[in-house]
Amino acid sequence: MVCNRCISAVEGIFNQLEISIDDIKLGEVNTKNSISDEELSLLETNLKDLGFERIRDSAHQLNDKIKTFIIQKISDLDISENFVLSEFLSNNLHKDYSALSKNFSQNENFTLEQYFILQKIEKVKELLLYNEFTLTEIAGKLGYKSVQHLSTQFKNNTGFTPTEFKKAKDHNRIALDEL
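Calculation criteria
- Residues numbered from 1 in each chain as written.
- Predicted model: local features only at pLDDT ≥ 70, side-chain atom pairs only at ≥ 80, totals over all residues.
- Heavy atoms only, no water.
- Helix = DSSP H or I, 4+ residues; strand = E, 2+ residues; numbered from the N terminus.
- Buried < 20%, exposed > 50% of the residue type's maximum accessible area, 1.4 Å probe, protein only.
- Expected span 1.5 Å × (residues − 1).
- Arc of directions from axis to C-beta.
- Contact = heavy atoms within 4.5 Å.
- Core = buried A, V, L, I, M, F, W, Y, C linked by side-chain atoms within 4.5 Å.
- Pairing = 2+ DSSP bridges.
- Salt bridge = Lys/Arg side-chain N within 4 Å of Asp/Glu carboxyl O.

Description of the overall build of the protein chain
Looking only at helices and strands, the protein chain has nine helices and two strands in total. When its helices and strands are written in sequence order, the protein chain yields α-β-β-α-α-α-α-α-α-α-α. Taking the principal axes of its C-alpha atoms as reference, the protein chain extends roughly 55 × 40 × 25 Å. Looking at the protein chain as a whole, 36% of its 179 residues qualify as buried.

Here's what the structure looks like:
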């Protein structure tokens, strides 16, 4: 779960299955009572139908927390030019960055840094389409040192300059939780 709509969707599944929730937040649901194997099977089927999955092992749970922190940080649109991903994650997860990075790379299709860049690029696409901010403002909000740096990274990842992307009919956006 990476957004409030995700929380609502998951909460709806639990309510539909009449499984009482004690607490629900991004990436985590605590139930009031134990869940039977039958309920768990139904829950997993319903979650899968909506594109969710139950994370079973600690490595995947850690990656889910990492993703949630990264997505939230980018959504806040308040990344300073001096932002250091390794410090941010280590401080928030209270773990050594090299261990976080190794775990992430072993269980995902890319490195933590690549994931962070891909998430920022998707946010740039969103902001360009909403047309609320200039490219200079977007660069500042997402921690780019310059518009040129943003544009270069954008082109390397999408094949388009930000201007070309904005003019294109097919915007090829990727849902944040699918990265």
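Structure shown, so let's carry the discussion forward.
So, helix H8 (residues 147-158)
Each α-helix turn comprises 3.6 residues. Residues three or four places apart therefore point the same way. Given a rise of 1.5 Å per residue, twelve residues ought to cover 16 Å, and the 16 Å separating the end C-alpha atoms of H8 matches this to within 8%. Every buried residue belonging to H8 is among Leu-150, Ser-151, Gln-153 and Phe-154, and all of these are buried. The buried residues of H8 occupy an angular sector of 170° when projected down its axis, which confines them to one face. Those residues of H8 that are exposed and angled more than 90 degrees off the buried face are Gln-148 and Asn-156. Buried residues along H8 sit against helix H6 (112-130), helix H7 (135-141) and helix H9 (162-167).

Brief notes about the nonpolar core
Taken as a class, soluble globular proteins show a tendency for nonpolar side chains to be buried jointly. In this structure, Ile-66, Ile-70, Leu-89, Leu-112 and Leu-142 are the most contacted members of the largest nonpolar core, which totals 29 residues. When contributions to this core are tallied by element, the ones reaching two or more residues are helix H3 (58-75), helix H4 (85-93), helix H5 (97-107), H6, H7 and H8. With seven residues, H6 is the largest single contributor of residues to this core. Setting aside residues up to four positions removed in sequence, Ile-66 forms contacts with Leu-89, Leu-93, Leu-100, Phe-104 and Leu-112. Among the nonpolar cores identified, the runner-up in size contains twelve residues, and Val-10, Phe-14, Ile-21 and Leu-47 belong to it.

Focus on the environment of Glu-137
The residue Glu-137 is located in helix H7 in this model. When the C-alpha atoms of Glu-137 and Val-147 are compared, they prove to be 8.8 Å apart, with ten residues separating the residues in sequence.

Let's talk about the pairing of strand S1 (residues 21-25)
As paired strands, S1 and strand S2 (residues 28-31) are joined by four bridges and run antiparallel to one another. The partner of Ile-24 across the bridge, within S2, is Val-29. Remark: two residues form the turn of the hairpin made by S1 and S2, two consecutive strands paired antiparallel; Gly-27 in that turn has positive phi of roughly 80°.

A closer look at the pattern of salt bridges
A side chain of one charge can pair with a side chain of the opposite charge if their charged atoms are brought near each other. Applying the stated criterion across every chain yields a total of four salt bridges. A salt bridge links Asp-23 to Lys-25; the shortest N-O distance between them is 3.8 Å. You can call Asp-23 partly exposed: its relative accessible area is 32%. Close ionic contact of Glu-108 with Lys-67 constitutes a salt bridge, the shortest N to O distance being 3.1 Å. Of this pair, Glu-108 sits in the loop between H5 and H6 while Lys-67 sits in helix H3, and the two are 41 residues apart along the sequence. Using a relative accessible area of 16% as the deciding quantity, one classes Lys-67 as buried.

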